[in-house]
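Structural characterization, general
The primary structure of each chain is shown beneath.
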Amino acid sequence: MTARLAYTLSAIFFLASGFLYTLERILAYYIWIGQMQAASITGQFPTLPELPSLFTNGFVTFFLAASVFLLIVGLILSADKQPLIQSDESSGPKHAGDSALPLTPGQVAGEQTANKQPGYLLYAIIAFLALFILVGILNFVR
């Protein structure tokens, strides 16, 4: 996945969540107008419409959380990469074993060791899942 794709999907999910939330609010006002019209039969109606909160509809919450997650992924993917190992000569590598590969945190002066630290993407996925579980729990508690 490229950063541009992540930003595009993030914008689409954000617009989808906003669109659904707006439709819910429009529907709440439409229902309220219907209750006022029915007041001729019942004699009473609510003075204010029952507007939905941001977490009432699970799809709005999911699309909003997915948008934030993809925005974080896009920021991580578009972050500056490690500088390349450059040789003194512009024509190519200085020695036969040298190459212009990116320097990883596990490489030390030509030695290659395994990088055992998880990447930021893994942390972002864990944070997203924790947020999603927390919102789900809060929806069931109320």
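Counting from 1, residues in each chain are numbered in the order their sequence is written. Note on the predicted model: pLDDT of at least 70 is required for a residue's local features to be given, and 80 or more for side-chain atom pairs to be given and counted; whole-chain, interface and lining totals, by contrast, use all residues. Heavy atoms from the whole structure form the basis of all side-chain values; hydrogens and water molecules are not counted.

With that settled, consider the packing of aromatic side chains. For any pair of aromatic rings, geometry is given as the distance between the ring centres together with the angle between the planes. To pair, rings of Phe, Tyr and Trp, with the six-membered ring standing in for Trp, must have centres within 6.5 Å; the planes then decide the type, stacked if under 30 degrees apart, edge-to-face if over 60, and tilted in the middle. Scanning the entire structure with this criterion turns up 3 aromatic pairs. Ring centres 5.6 Å apart and planes at 20 degrees place the aromatic pair Phe13 and Phe63 in the stacked group. With Phe13 in helix H1 (residues 3-37) and Phe63 in helix H3 (residues 58-77), the pair connects residues that are 50 residues apart, well separated along the chain. Residue class for Phe13 comes out partly exposed when judged on its relative accessible area of 24%. Working definition: helices are DSSP H or I runs of at least four residues, strands are E runs of at least two. Numbering for both runs from the N terminus. Buried means the residue's accessible area, taken with a 1.4 Å probe over protein chains only, is under 20% of the maximum for its type, while exposed means over 50%, and partly exposed covers the values in between.

To continue, consider the confidence of the model for the protein. Residue-level pLDDT values for the protein average 74, and 68% of them are 70 or greater. For every residue, the pLDDT score states the predictor's confidence, bounded by 0 at the bottom and 100 at the top. Put simply, strand E2 (residues 111-112) is where the protein has its lowest mean pLDDT, 48, and H1 is where it has its highest, 89. It only takes one pair of heavy atoms within 4.5 Å for two residues to be counted as in contact. Per-residue pLDDT stays below 50 along residues 109-116; that stretch engages in 5 contacts with residues further than four places along the chain or on separate chains.

Right, let's talk about H3 for a bit. By this rule, a helix spans an expected 1.5 Å times one less than how many residues it contains. Look at H3: 28 Å from first C-alpha to last across 20 residues, which is about the 28 Å you get at 1.5 Å a residue. Buried within H3 we find Val60, Thr61, Phe63, Ala65, Ala66, Ser67, Phe69, Leu70, Val73 and Gly74. Think of a polar contact as two N or O atoms within 3.5 Å of one another; within protein, one of them needs to be a possible hydrogen donor and the other a possible acceptor, and neighboring residues in sequence only count if both atoms come from side chains. The opening residue of H3, the one whose side-chain oxygen lies 3.1 Å from the backbone nitrogen of Phe59, is Asn57.

A word on the nonpolar core. By nonpolar core is meant a set of buried Ala, Val, Leu, Ile, Met, Phe, Trp, Tyr and Cys residues that side-chain atoms within 4.5 Å join together. Ranked by size, the top nonpolar core spans 7 residues in total: Ala6, Ala65, Phe69, Leu70, Val73, Ala124 and Phe128. Going through the elements one at a time, H3 and helix H4 (120-141) are the ones with two or more residues in this core. Broken down by element, this core gets its largest block of residues, 4 residues, from H3. Discounting residues that sit within four places of it in the chain, Ala65 has contacts with Phe128 and Leu131.

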